[in-house]
Amino acid sequence: MRDLTEEEQIAAAQAVADVLDRIETPLEVALTPDAAEARAALPRHPEWGTFALILACYLVWGGALFGLAQVSHLLAVLLAGGMVALHSSLCHEVLHGHPFRSRRLNEALVVLPLNLAVPYGRFRDTHLQHHQDEDLTDPYDDPESNYHDPAVWARLPAWRQRLLRVNNTLLGRMVIGPVIGQISFMQEDWTLVRRGQRGILRDWGLHALGTALVLWIVSLSALPVLAYLCAAYLGLSVLKIRTYLEHRAHEDMHGRTAIVESRGLMGAVLGFLFLNNNLHIVHHLYPGVAWHQLPALYKRHQARFQARNDGYVLASYASVFRQFAVRAKDPVPHPLWKSPE
């Protein structure tokens, strides 16, 4: 499956916006497939709260580097790591058309790659491809899938199978997952470059410039560059908590997408850093709805969302740690995969 071009994304967003203009049913009422198509529409009005949160993220990040680092490098790493995770969630909001109608303006707001690892343009294109819900968890067509084709899995050397099994526990995903994910991501992109896919080298080139700028800013601060590399890794590790259980193998495409109810202090903190993307089935059905609207939408139709994803609901992130810290939630080979004849 190829990535959408910028022109195709704009045309698709405008087409869905036209559909939304014709829908008389309020946004929250119907969860039908036709209504779900309207969720991809770009926001109609500026979202000043999201804009303010982007600015606040940069301010807190800068405060960690230039202020808190003078008191404690450890606390600065923890705070900067949290902002790396939050910034990645804000990048997710931007690629879905927030906070403004202008794509260029939105993307300019998240131009600094605080996580140092993932080019925004590649994240945008692969994530939009991931939103083809009929392909969710597909080892080939879902770029965010952690499942392997069973035939490919069987041919892997034993050491690599053991490593991927560790990666399928929550602690493993947090500790080694960022490295495994980065290597896989870069290998996939290099394969696409060799096949002549356009735009990938441009995105990596822009990312290299942004990364150099971030590291230059860090070099001027009270936080050592090595400590910041730890903060960036911490932010990516925190994000792995969210992505660890967002999707599962299921015959129905909507049954593949999770709900994690953000109960307790851990749930509140992670829910904020993830910008409510723990309510993942709500986001997949309503991808154009802003992060701050998701909890109310879920609360109004909780039973219907839970029925829609066939009860794939986890009570809290604390319960997720208790269940899966050292035990795999899923096998690595896709349990429902049927190889082409």
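For the structure, see preceding data.
The structure displayed is predicted, hence computed values, not measured ones.

Looking at the nonpolar core
Item 1. If you look at the biggest cluster of nonpolar residues, it comprises 54 residues, and the most contacted ones within it are Trp-61, Leu-86, Leu-114, Val-214, Leu-223, Tyr-228 and Phe-274.
Item 2. Within the residue set of this core, elements represented by two or more residues are α3 (48–66), α4 (73–95), α6 (120–130), α9 (170–175), α11 (200–220), α12 (225–244), α13 (264–273) and α17 (317–324).
Item 3. The dominant element in this core, judged by the number of residues it contributes, is α4, at 11 residues.
Item 4. Those residues in contact with Phe-274 that lie beyond four places of it in its chain are Ser-89, Val-238, Leu-239, Ile-241, Arg-242 and Tyr-317.

Quick notes on the packing of aromatic side chains
How two aromatic rings sit relative to each other is set out by the distance from centre to centre and by the angle between their planes.
Item 1. In total, this model carries 10 aromatic pairs according to the counting rule given.
Item 2. Judged by centre distance (5.6 Å) and plane angle (55 degrees), the ring pair of Phe-51 and Phe-100 falls under tilted. With Phe-51 in helix α3 and Phe-100 in the loop between α4 and α5 (103–109), the pair connects residues that are 49 residues apart, well separated along the chain.
Item 3. Of the residues examined, Phe-51 reaches a relative accessible area of 23% and is grouped as partly exposed.
Item 4. Of the residues examined, Phe-100 reaches a relative accessible area of 10% and is grouped as buried.
Item 5. An angle of 80 degrees between the planes, with centres 6.1 Å apart, marks the rings of Trp-61 and Tyr-228 as edge-to-face. Placement of Trp-61 in helix α3 and of Tyr-228 in helix α12 is noted, with a sequence separation of 167 residues between them.
Item 6. Given the relative accessible area of 4%, Trp-61 is considered buried.

Re the environment of His-92
Item 1. Assignment of secondary structure puts His-92 in helix α4.
Item 2. Between the C-alpha atom of His-92 and that of Val-110, which follows or precedes it by 18 residues, the distance is 10.0 Å.
Item 3. If we ignore the near neighbours within four places in the chain, the residues touching His-92 are Phe-123, His-127, Asn-277 and His-283.

A few points about helix α10 (residues 177–194)
Item 1. Compared with the 26 Å implied by 1.5 Å per residue over 18 residues, the 26 Å span of α10 between its first and last C-alpha is a close match.
Item 2. Residues of α10 that are buried include every one of Gly-177, Pro-178, Ile-180, Gln-182, Phe-185, Asp-189 and Val-193, and no others.
Item 3. Those residues of α10 hidden inside the fold are in contact with α6, α8 (158–167), α9, α11 and α12.
Item 4. Gly-196, located one to two residues past α10, shows a positive phi value of around 90 degrees.

Details of the side chain of His-130
Item 1. By secondary structure assignment, the location of His-130 is in helix α6.
Item 2. Polar side-chain contacts of His-130 include one of 2.8 Å to the side chain of Asp-142.
Item 3. Setting aside residues up to four positions removed in sequence, His-130 forms contacts with Leu-136, Asp-142, Pro-143, Glu-144, His-247, His-280 and His-284.

Structural notes on α11
Item 1. Spanning 21 residues, α11 covers 31 Å between terminal C-alpha atoms, matching the ideal 30 Å at 1.5 Å per step.
Item 2. Among the residues making up α11, those that are buried are Ile-200, Asp-203, Trp-204, His-207, Gly-210, Thr-211, Val-214, Ile-217 and Val-218. Down the axis of α11, the buried side of the element spans an arc of 135 degrees, and every buried residue falls inside it. Turned more than 90 degrees away from the buried face of α11, the exposed residues are Leu-201, Arg-202, Leu-206, Leu-209, Trp-216 and Leu-220.
Item 3. Among the structural elements, α3, α6, α10 and α12 are those in contact with the buried residues of α11.

Thoughts on the packing of α3 against α4
Item 1. The N-to-C vectors of α3 and α4 enclose an angle of 155 degrees; their axes lie 9 Å apart at closest approach. With respect to α4, the axis of α3 lies roughly antiparallel. Note on packing geometry: the crossing formed by α3 with α4 is left-handed. From α3, Thr-50, Leu-53, Ile-54, Cys-57, Tyr-58, Val-60, Trp-61 and Ala-64 reach across to α4, where they touch Ala-76, Leu-79, Ala-80, Met-83, Leu-86, His-87 and Leu-90.
Item 2. The residue inventory of the contact of α3 with α4, partitioned by class, reads 13 nonpolar, two polar and no charged.

Thresholds applied
- Residues numbered from 1 in each chain as written.
- Predicted model: local features only at pLDDT ≥ 70, side-chain atom pairs only at ≥ 80, totals over all residues.
- Heavy atoms only, no water.
- Core = buried A, V, L, I, M, F, W, Y, C linked by side-chain atoms within 4.5 Å.
- Buried < 20%, exposed > 50% of the residue type's maximum accessible area, 1.4 Å probe, protein only.
- Helix = DSSP H or I, 4+ residues; strand = E, 2+ residues; numbered from the N terminus.
- Contact = heavy atoms within 4.5 Å.
- Phe/Tyr/Trp six-rings, centres within 6.5 Å; stacked < 30°, edge-to-face > 60°.
- Expected span 1.5 Å × (residues − 1).
- Polar contact = N/O pair within 3.5 Å; in protein donor to acceptor, adjacent residues only side chain to side chain.
- Arc of directions from axis to C-beta.
- Axes fitted to C-alpha atoms, helices over the stretch in contact; angles between N-to-C directions.
- Parallel < 35°, antiparallel > 145°, perpendicular 65-115°, else oblique.
- Left-handed = near helix turned anticlockwise from the far one by under 90°.
- Nonpolar A, V, L, I, M, F, W, Y, C, P; charged D, E, K, R; others polar.

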